[in-house]
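Analysis of the macromolecular model
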Amino acid sequence: MLDIKITKTTTPKEKPAKGAALGFGRIFTDHMFIMNYTEGKGWHDARIEPYHNLELSPASMVFHYGQEMFEGLKAYRNGDAAYLFRPDMNAKRANASNERLCIPEIPEEYFVEAVKELVKVDKDWIPTDEGTSLYIRPFVIATDDFLGVAPSKTYMFIVILSPSGAYYASGLAPVGIWIEDEYVRAVKGGMGFAKTGGNYAASLIAQVKAHDGGYSQVLWLDGVERKYIEEVGAMNIFFKINGKIVTPMLNGSILPGITRNSVIQVCKSWGYEVEERKISVDELVAAAKNGSLEEVFGTGTAAVISPVGKLRYVDDVMEIGGGKIGELTQKLYDTITGIQWGKTEDPFGWRVEL
Ligand code: PLP
Ligand code: COI
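Read on for an overview of the structure. Throughout, residues of each chain are indexed from 1 in the direction in which the sequence is written. Going through the entries in the order they are written, you letter the chains from A and number the ligands from 1. A pLDDT threshold of at least 70 governs which residues receive local features in this predicted model, and a stricter bar of 80 or more applies before side-chain atom pairs are shown or counted, although totals over entire chains, interfaces and linings include all residues. The basis for the side-chain values is all heavy atoms of the structure; hydrogens and waters are excluded.

Note on aromatic contacts: the rings of Phe and Tyr and the six-membered ring of Trp form a pair at centre separations within 6.5 Å, being stacked when their planes are under 30 degrees apart, edge-to-face when over 60 apart, and tilted otherwise. For the structure on display, the rule yields 13 aromatic pairs. Between Phe33 and Phe157, the ring centres sit 5.9 Å apart and the planes meet at 65°, which makes this aromatic pair edge-to-face. Placement of Phe33 in strand β2 (residues 31-38) and of Phe157 in strand β8 (residues 154-164) is noted, with a sequence separation of 124 residues between them. In terms of burial, Phe33 and Phe157 fall into one category: buried. Aromatic side chains Phe111 and Phe157 sit 5.7 Å apart centroid to centroid with 25° between the ring planes, which places their arrangement in the stacked category. Note that Phe111 is positioned in helix α3 (residues 108-121) and Phe157 in strand β8, a separation of 46 residues in sequence. Each of the two residues, Phe111 as well as Phe157, counts as buried. Lys331 extends its terminal NZ or CZ atom over the ring of Trp270, reaching a point 4.1 Å from the ring centre. Every helix listed is a DSSP run of H or I at least four residues long, and every strand listed is a run of E at least two residues long, numbered separately from the N terminus. Burial classes: relative accessible area under 20% of the type maximum marks a residue as buried, over 50% as exposed, and values in between as partly exposed (1.4 Å probe, protein chains only). Note on geometry: a ring has a charge over it if NZ (lysine) or CZ (arginine) is within 6 Å of the ring centre and within 35 degrees of the ring normal.

Within this document, salt bridges are pairs made up of a side-chain nitrogen of Lys or Arg and a carboxyl oxygen of Asp or Glu, the two lying within 4 Å of each other. Inspection of the entire model under this criterion finds 17 salt bridges. Asp129 is the salt-bridge partner of Lys18, the closest N and O atoms lying 3.1 Å from each other. With Lys18 in the loop between β1 (5-6) and β2 and Asp129 in the loop between α3 and β7 (133-142), this pair connects stretches of sequence that are 111 residues apart. A relative accessible area of 65% means that Lys18 is categorised as exposed. Residue Glu231 is joined to Arg185 by a salt bridge in which the shortest nitrogen-to-oxygen separation is 2.9 Å. Taken together, the residues span a long stretch of sequence, with Glu231 in strand β11 (residues 229-232) and Arg185 in the loop between β9 (175-179) and α4 (197-201) at a distance of 46 residues. Given a relative accessible area of 4%, Glu231 falls into the buried group.

A few words on the side chain of Ser162. For Ser162, the position within the fold is in strand β8. The term polar contact refers here to a pair of N or O atoms within 3.5 Å; inside protein, the definition further demands a hydrogen-donor-capable atom paired with an acceptor-capable atom, and it admits residues adjacent in sequence only when both atoms are side-chain atoms. At 2.7 Å, the side chain of Ser162 forms a polar contact with the backbone oxygen of Ile27. By the convention used here, residues are in contact when the closest approach between their heavy atoms is within 4.5 Å. With sequence-adjacent residues up to four places away left out, Ser162 is seen in contact with Gly25, Arg26, Ile27, Phe28, Ser133, Leu134 and Tyr135.

One heavy atom within 4 Å of a molecule or strand is enough for the residue carrying it to be called near that molecule or strand. Close to ligand 1 lie 17 residues, the nearest being Arg93, Tyr200, Glu231, Thr259 and Thr301. Ile258 places a polar main-chain atom, nitrogen or oxygen, 2.7 Å from an oxygen atom of ligand 1. Thr301 places a side-chain nitrogen or oxygen 2.6 Å from an oxygen atom of ligand 1. Along the lines of polarity and charge, the residues of the shell around ligand 1 split into six nonpolar, seven polar and four charged. Three residue categories are used. Nonpolar comprises Ala, Val, Leu, Ile, Met, Phe, Trp, Tyr, Cys and Pro, charged comprises Asp, Glu, Lys and Arg, and polar comprises the others, including Gly.

A few words now on α3. A helix is expected to reach a length of 1.5 Å times the quantity of its residues less one. Look at α3: 20 Å from first C-alpha to last across 14 residues, which is about the 20 Å you get at 1.5 Å a residue. Buried within α3 we find Phe111, Val112, Glu113, Ala114, Val115, Leu118 and Val119.

Inspection of helix α7 (residues 281-290) places Val281, Leu284, Val285 and Ala287 among the buried residues, and these make up the whole buried set. End-on, the buried residues of α7 take up no more than an arc of 160°, which puts them together on one face. The exposed residues of α7 that point more than 90 degrees off its buried face are Lys289 and Asn290. Downstream of α7 by a residue or two, Gly291 has a phi angle that is positive, lying close to 85°. The arc refers to the directions leading from the helix axis to the C-beta atoms.

Before going further, it helps to spend a moment on the site of ligand 2. Every residue close to ligand 2 is listed here: Phe24, Phe70, Gly72, Tyr135, Arg137, Tyr167, Lys195, Tyr200, Ala234, Thr301 and Ala302. Contacts to ligand 2 include Lys195, whose side-chain N or O atom sits 2.8 Å from an oxygen atom. Using the Shrake-Rupley algorithm and a 1.4 Å probe, accessible areas are obtained, with residue cover drawn only from the displayed protein chains. Look at ligand 2: alone it shows 280 Å² of surface, and the protein chains cover 90% of it. Taken together, the residues that form the shell around ligand 2 break down as seven nonpolar, two polar and two charged. The split of the chain into domains comes from an automatic or database domain assignment. When residues of the shell around ligand 2 are sorted by domain, at least three fall in each of domain 1 (5-164) and domain 2 (175-340).

Right under this line is the structure:
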């Protein structure tokens, strides 16, 4: 059990009005969770405080060498009830990232408790409009003031909350994806499987290119041969080819998405054959050309299930589904969000009530 000291704000902020356009990740709630780590002492001083700026030495290691880990999950509101979706998976993945980044392990129960307690304190911030939720961002930063390259001996684990709408400005409408043929995001042996800022810093230049070309996000190819499909900037990717569900296998350079894992289980329970394997971009282009590429969608906490309507690779522009949301894509969206929102049965036991 984590002993959390709670100090509530005396000046609560105004909450967004019902029906207000929330965007993604721009509004923050009244409180935050903080816990410190000191070598020899472990994690200590767990507390929930009014949301505030941090005071850090400019020499804090996180600013220089990027030793940080972050997670992303959501809380959903249904009447008086509020739910989390598989938070234990985020806790596990946080520690997989921590291990790769030489950040000390956070006991899973501390991680889940920190998230639960903070969301309980700011429960009234969980938006209720269709398609909205409370985005939860747990993260760890290295805080030693030292310019040598080495693992820090002190850290802060922080959780902040942001009432959010759809990740893509277009909402649940097919997005255009740019298959990047010049830059790469990660290679096996690197940090691709970890959720850490550096991976996203590495992605920005290609994202700017994609936006300039009129596309929403980048689909990465493998970093060695630039031939095999990896994942999108903020989601994993799935293809329905000839009735089968195909998604890149977890190979060390892509993020093991929790939505990805959930979609695979749901599809299998519906009797679909799901293949986790290497998929070359050539196979994809050929499938698009011969009509066997039936649906494409991305999966992620922020993006939920996101239909892909167009894929660009060098000179090939592949239109998928005639601008419409695919049948399976829509069914998965309805099923996953139904479980998350507490509107349907939860046959997998994924929902955690607060
Ligand atoms: N891939 C990347 C690079 C991401 O940032 C995300 C989002 O978290 C995902 C995949 C999807 O992961 P999850 O479903 O756990 O949110
Ligand atoms: C998430 O889906 O939780 C993410 O972290 C995506 C993001 C990088 C905005």
